[in-house]
Amino acid sequence: MPEPAQLSLNTATVRAQWNLAQCVDGCVRHGIGGIAPWRDKLHEAGVSEGARMIADAGLAVSGLCRGGWYTAEGALTDAVLDDNKRAVDEAVAIGAACLVMVVGGLAEGSKDIAAARAMVEDGLGQTLEYARGAGMPIAIEPLHPMYAADRACVNTMRQALDLCDALDPDASGALGVACDVYHVWWDPELPDQINRAGASRLLAFHICDWLVPTRDLLLDRGMMGDGVIDIAGIRSQVEAAGFSGLNEVEIFSAETWWKRDADDVLTTMVERGRTAS
Ligand code: ZN
């Protein structure tokens, strides 16, 4: 039962209502311990100004969303690799616990998912080299298989951890996973893969709920307690495996939570943190 100080507000949860400054103030008002900005919100505010306001508010930063998208141009172009370097630099600037990676899906016009996955591994390896120098951990976020074509061809914890083992065999802490319950709750291997990850690879924990029915593949995530995910059960597993970071609340919800008063969203998030997580 996370207390508000153990929660982090992913800015996507109030994306439609608040800018970064409003998110920071909202966290302070509701006693929420951390924040996880998306880069568009951070860019709007200005990276150094955003970093200053987060630090002044005393908030932890559970992650920066997001780097990756290695397949966007069908090859690992300088533009793709440079943008990932910038994402690393921005994560450092705001003192993020990790840079979260949504790796990209199939290249446009391609049916070759093996090629996409190879491109992702190559790209992650290159970003990892840069991120090691900057001291910024990289967290691969496996996405639910329904996003394999258009968002991320890394779809399970096992796949993400296999990449970690290949690219960072010493489990140095430089590379790990972001475990988002929305993407992985259904996986029969989840408990085993959480244990396999352990403290050195579990870099972020994202929570929300899976609604039945789900009306939109991207923008209909539920508030904790409104769906079918055993969030408390999964949280216990990641904590037993050594994760001690914040519970980051990330809810894309065009028709429900993005239409509510943002303070009501945070009030509900704090309450459901206590009762449904
Ligand atoms: Zn997530």
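Every value quoted in this text rests on a predicted model; they were computed, and no experiment measured them. (Residues numbered from 1 in each chain as written. Predicted model: local features only at pLDDT ≥ 70, side-chain atom pairs only at ≥ 80, totals over all residues. Heavy atoms only, no water.)

K.L.:
Got a minute to help me understand the nonpolar core in this structure?
P.N.:
Most often, soluble globular proteins have nonpolar side chains that are buried together. Of all hydrophobic cores here, the largest spans 78 residues; its most connected members are Leu99, Val103, Leu124, Ile138, Ile140 and Leu202. Beyond its immediate stretch of four places on either side in the chain, Val103 contacts Gly68, Trp69, Tyr70, Thr71, Val120, Leu124, Ile140, Arg151, Ala152, Cys153 and Val154. In this structure, Ala139, Ala178, Ala204 and Phe252 belong to the second largest nonpolar core, which totals 11 residues. (Core = buried A, V, L, I, M, F, W, Y, C linked by side-chain atoms within 4.5 Å. Buried < 20%, exposed > 50% of the residue type's maximum accessible area, 1.4 Å probe, protein only. Contact = heavy atoms within 4.5 Å.)

K.L.:
Can you help me understand a nonpolar patch on the surface in this one?
P.N.:
Together, Trp185, Trp186, Val212 and Val228 make up an exposed nonpolar region whose accessible area comes to about 370 Å². The residue Val212 is located in the loop between strand S8 (202–207) and helix H9 (231–240) in this model. (Patch = residues over 30% accessible without salt bridge, like charges linked within 9 Å, V, L, I, M, F, W, Y side chains within 5 Å. Areas by Shrake-Rupley, 256 points an atom, 1.4 Å probe, with all protein chains shown as cover. Salt bridge = Lys/Arg side-chain N within 4 Å of Asp/Glu carboxyl O. Helix = DSSP H or I, 4+ residues; strand = E, 2+ residues; numbered from the N terminus.)

K.L.:
When you look at the side chain of Asp168 in this model, what are you seeing that I'm missing?
P.N.:
With respect to the helices, strands and loops of the structure, Asp168 is situated in the loop between helix H6 (157–167) and strand S7 (175–180). For Asp168, the side chain forms a polar contact with the side chain of Arg132, separated by 3.1 Å. (Polar contact = N/O pair within 3.5 Å; in protein donor to acceptor, adjacent residues only side chain to side chain.)

K.L.:
Looking at this structure, how should I read the sheet that holds strand S3 (residues 60–61)?
P.N.:
The strands that make up a sheet are held in pairs by hydrogen bonds between backbone atoms, and each pair lies either parallel or antiparallel. In spatial order, the strands read S3-S2-S1-S9-S8-S7-S6-S5-S4; together these 9 strands make up an open sheet with parallel pairing. Strand pairing shows two members of the sheet lacking a second neighbour, S3 and strand S4 (64–68), which therefore form its edges. With 4 bridges connecting them, S7 and S8 associate as parallel partners. Across the sheet, residue Asp180 finds its bridge partner in S8, namely His206. Docked against the sheet, helix H5 (residues 113–134) engages strand S5 (99–102), strand S6 (138–140) and S7, running at close to 155° with respect to S6. (Pairing = 2+ DSSP bridges. Axes fitted to C-alpha atoms, helices over the stretch in contact; angles between N-to-C directions.)

K.L.:
What is the right way to read the coordination of the zinc ion from this model?
P.N.:
Four donors placed tetrahedrally about a metal ideally form angles of 109.5 degrees, and six donors placed octahedrally ideally form angles of 90 or 180 degrees. Bound to the zinc ion on the protein side are Glu141 (OE), Asp180 (OD), His206 (ND1) and Glu250 (OE), at distances that span 2.0 to 2.2 Å. For the zinc ion, the 4 donor atoms in the first shell make angles of 89 to 153° at the metal, a pattern classed as irregular. The sequence pattern describing where the donors of the zinc ion fall on their chain is E-x38-D-x25-H-x43-E. Taken together, the residues span a long stretch of sequence, with Glu141 in the loop between S6 and H6 and Glu250 in the loop between strand S9 (247–249) and helix H10 (262–276) at a distance of 109 residues. Glu250 shares its class with Glu141; the two are buried. (Donors = N, O, S within 2.8 Å, 3.2 Å for Na, K, Ca; no water. Tetrahedral: all angles 85-135°; square planar, octahedral: opposite > 155°, others 65-115°.)

K.L.:
Just checking my understanding: could you explain unusual backbone geometry for this structure?
P.N.:
Peptide bonds are mostly trans, and most non-glycine residues show a negative phi. In the segment running from Cys65 into Arg66, the intervening peptide bond is cis, with an omega of -5°. Assignment of secondary structure puts Arg66 in strand S4. In this model, Val212 is joined to Pro213 through a cis peptide bond whose omega is -5°. Secondary-structure assignment places Pro213 in the loop between S8 and H9. In this model, Trp69 sits at a positive phi of 55°, which is unusual for a non-glycine residue. We note that Ala171 has phi near 50°; this positive angle belongs to a residue other than glycine.

K.L.:
Is there a simple way to think about the pairing of S5 in this case?
P.N.:
Remark: a regular strand shows side chains that alternate across the two faces of the sheet. A two-sided burial pattern is seen for S5, the buried positions comprising Leu99 and Met101 on one face and Val100 and Val102 on the other. Across 4 bridges, the pairing between S4 and S5 is parallel. Following the sheet pairing, Gly68 is matched in S5 by Val102. Note that the unit made of S4, helix H4 (residues 78–93) and S5 has a crossover that is right-handed. Relative to S6, S5 runs parallel, the two being bridged by 3 bridges. Opposite Leu99, over in S6, you have Ile138 as the bridge partner. (Right-handed = clockwise from strand over helix to strand, strands pointing away.)

K.L.:
Looking at this model, I keep getting lost on the pairing of strand S1 (residues 7–10). Mind explaining?
P.N.:
Side chains Leu7 and Leu9 of S1 all project onto a buried face; the interleaved residues Ser8 and Asn10 project onto the opposite face, where all are buried too. Examined bridge by bridge, S1 and S9 share 3 bridges and lie parallel to one another. Bridge assignment links Leu7 to a residue of S9, and that residue is Asn247. Of the strand pairs in this sheet, S1 and strand S2 (residues 34–36) are connected by 3 bridges, and their pairing is parallel.

K.L.:
What am I meant to see in the state of the cysteines here?
P.N.:
Cysteine pairs can be linked by a disulfide, which is a covalent bond between their two sulfur atoms. In this structure the tally under the stated criterion is 0 disulfides. The cysteine Cys65 is free of any disulfide, with Cys98 supplying the nearest cysteine sulfur at 8.0 Å. By relative accessible area, which is 2% here, Cys65 ends up buried. Cys98 sits in the buried class, given a relative accessible area of 0%. (Disulfide = S-S within 2.5 Å.)

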